Amino acid sequence: MADPRNDEDLAGEPAARAGAGLPQCDRALGLRDGTRVRMRPIVPEDAPKLVALYDRLSRDTRYHRFFSAMRRLPIDWARFLANVDYRTRLALVVESPDDPGALIAVARYEPAGAPDTAEVAFVVQDDWQNRGLGTLLFRELLRAAAGNGIVRFRAWVLADNRRMLDLIARLARVERRTLEQGVVELTFTSPSSPTASHRGVFLPQRGPDTPDSPALDRRPTPPTAPP
Ligand SMILES: CC(C)(COP(=O)(O)OP(=O)(O)OC[C@H]1O[C@@H](n2cnc3c(N)ncnc32)[C@H](O)[C@@H]1OP(=O)(O)O)[C@@H](O)C(=O)NCCC(=O)NCCS
């Protein structure tokens, strides 16, 4: 098993394949308590791990992330979530230091209409919450997005989700905030982006199969809506 304290040991197969194009996204993160965990880009082989992660989430965490109380994450859905193009769609996962085969957190962005805009979503397994992982992933995802020319972000957050709302308010420059049916829609940029209209080295192209609803798993409909 890779020693999570050794950064050199953190790049394994098959994750290293996808991470090869995003070396800055495949590395160790240090949590507030000193624990080191491996963050890496998602790979298709992570699909069953997403299902397993969902199984371990509390009802509240599931609801805040997916706006739904579905009992299992369907494998087809997990496959879709695990297959990204690393440009217009990207997910960063964090492996458990005790079991690299288990994921403890996911941060992702999906196309949100305009080429320089993406919708973001985050989830941290309950027993890993409040240790700084969400804050780190938020910064890492926005940085990776900027490298892909994405500078504006959208998030749908349940109005009672103080933690996520505070996190965005603290770490981003919020441009717009609206509340509808108990869901807050926020549009924001990274504080480190020079201007909201800044363009990266290239503009990602929308793929032909890009779903209409980029977040796919959360919509501004009542949270009880089926996935
Ligand atoms: C929201 C979430 C991603 C944050 O991840 P996390 O690892 O818990 O975040 P952090 O540990 O970095 O904590 C973020 C901040 O929230 C604060 N916080 C912790 N618990 C809190 C609570 N109950 N209410 C308000 N703020 C809280 C922390 O103190 C921290 O602030 P600080 O850095 O000033 O100390 C995680 O809690 C989660 O997965 N929630 C369920 C899914 C979800 O809500 N996803 C968002 C949908 S876009």
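Preceding block: the structure.
Let me begin by describing the structure that accompanies this report.

Below, the discussion takes up the overall build of the protein chain. Helix and strand content of the protein chain: 6 helices and 8 strands. Helices and strands appear in the protein chain in the N-to-C order α-β-β-α-α-α-β-β-β-α-β-α-β-β. A buried classification covers 37% of the 227 residues belonging to the protein chain. In the protein chain, once contacts between residues fewer than 6 apart in sequence are set aside, the share between residues at least 24 apart is 62%.

Spatially, the 8 strands line up as an open sheet ordered β1-β2-β3-β4-β5-β6-β8-β7, and their pairing is mixed. At either end of the open sheet lies a strand with only one pairing partner, and these are β1 (27-30) and β7 (173-180). If you compare each strand with its neighbour and ignore which way they point, the axes differ by 25 degrees on average. Helix α5 (residues 133-147) rests against β1, β2 (36-41), β3 (90-95), β4 (103-112), β5 (114-124) and β6 (152-158) of the sheet, and its axis sits at about 35 degrees to β4.

So, on to the packing of helix α2 (residues 47-56) against helix α4 (residues 75-82). Close contact between α2 and α4 brings their axes to 8 Å; oriented N to C, the two are set at 120 degrees. Considering the angle they form, α2 stands oblique to α4. The interaxial crossing formed by α2 with α4 has right-handed handedness. Mapping the contact onto sequence places Ala 47, Pro 48, Leu 50 and Val 51 in α2 and Ile 75, Ala 78, Arg 79, Leu 81 and Ala 82 in α4. Along the lines of polarity and charge, the residues of the contact of α2 with α4 split into 8 nonpolar, no polar and 1 charged.

Next up on the list: the pairing of β4. Most of β4 sits out of view: 10 of its 10 residues are buried. Of the strand pairs in this sheet, β3 and β4 are connected by 6 bridges, and their pairing is antiparallel. Bridge pairing in β4 links Val 93 to Val 106. Of the strand pairs in this sheet, β4 and β5 are connected by 8 bridges, and their pairing is antiparallel. Across the sheet, residue Ala 105 finds its bridge partner in β5, namely Val 124.

So, about the pairing of strand β8 (residues 183-189). For β6 and β8, the ladder comprises 7 bridges, and the chain directions are antiparallel. Of the residues in β8, the one forming a bridge with Phe 153 is Phe 188. Here β7 runs beside β8; their pairing, made up of 7 bridges, is antiparallel. Residue Arg 173 lies in a different strand from β8, and its bridge partner there is Thr 189.

A word on the site of the ligand. For the ligand, the set of nearby residues contains 22 residues, the closest of which are His 64, Val 124, Gln 129, Gly 134 and Thr 135. Broken down by secondary-structure element, the contributors of at least two residues to the shell around the ligand are α3 (59-66), β5, α5, β6 and α6 (162-171). It is α6 that provides the largest number of residues to the shell around the ligand, a total of 5 residues. A class-by-class count of the residues in the shell around the ligand yields 9 nonpolar, 8 polar and 5 charged.

On to the environment of Gln 129. Along the chain, Gln 129 falls in the loop between β5 and α5. Given 16 C-beta atoms within 10 Å, Gln 129 falls into the partly exposed group. Taking the C-alpha atoms as reference points, Gln 129 and Thr 61, 68 residues apart in sequence, are found 10.0 Å from one another. Excluding residues that lie within four positions of it along the chain, Gln 129 makes contacts with Val 124 and Gly 134.

Of all hydrophobic cores here, the largest spans 51 residues; its most connected members are Leu 50, Ala 91, Leu 92, Ala 105, Ala 107, Leu 137 and Leu 141. When residues of this core are assigned to their parent elements, the largest contribution, 8 residues, is made by α5. With residues up to four places along the chain from it excluded, the contact list for Leu 137 reads Leu 92, Ala 105, Ala 107 and Phe 122.

So, about α3. All of the buried residues in α3 are His 64, Arg 65 and Phe 66. Contact partners of the buried residues in α3: β5 and β6. In the segment just after α3, Phe 67 is the residue with positive phi, at about 60 degrees.

Rules and cut-offs
- Residues numbered from 1 in each chain as written.
- Predicted model: local features only at pLDDT ≥ 70, side-chain atom pairs only at ≥ 80, totals over all residues.
- Helix = DSSP H or I, 4+ residues; strand = E, 2+ residues; numbered from the N terminus.
- Buried ≥ 20, exposed ≤ 12 C-beta atoms within 10 Å, placed from the backbone.
- Contact = placed C-beta atoms within 7 Å.
- Pairing = 2+ DSSP bridges.
- Axes fitted to C-alpha atoms, helices over the stretch in contact; angles between N-to-C directions.
- Parallel < 35°, antiparallel > 145°, perpendicular 65-115°, else oblique.
- Left-handed = near helix turned anticlockwise from the far one by under 90°.
- Nonpolar A, V, L, I, M, F, W, Y, C, P; charged D, E, K, R; others polar.
- Near = placed C-beta within 6 Å.
- Core = buried A, V, L, I, M, F, W, Y, C linked by C-beta atoms within 7 Å.

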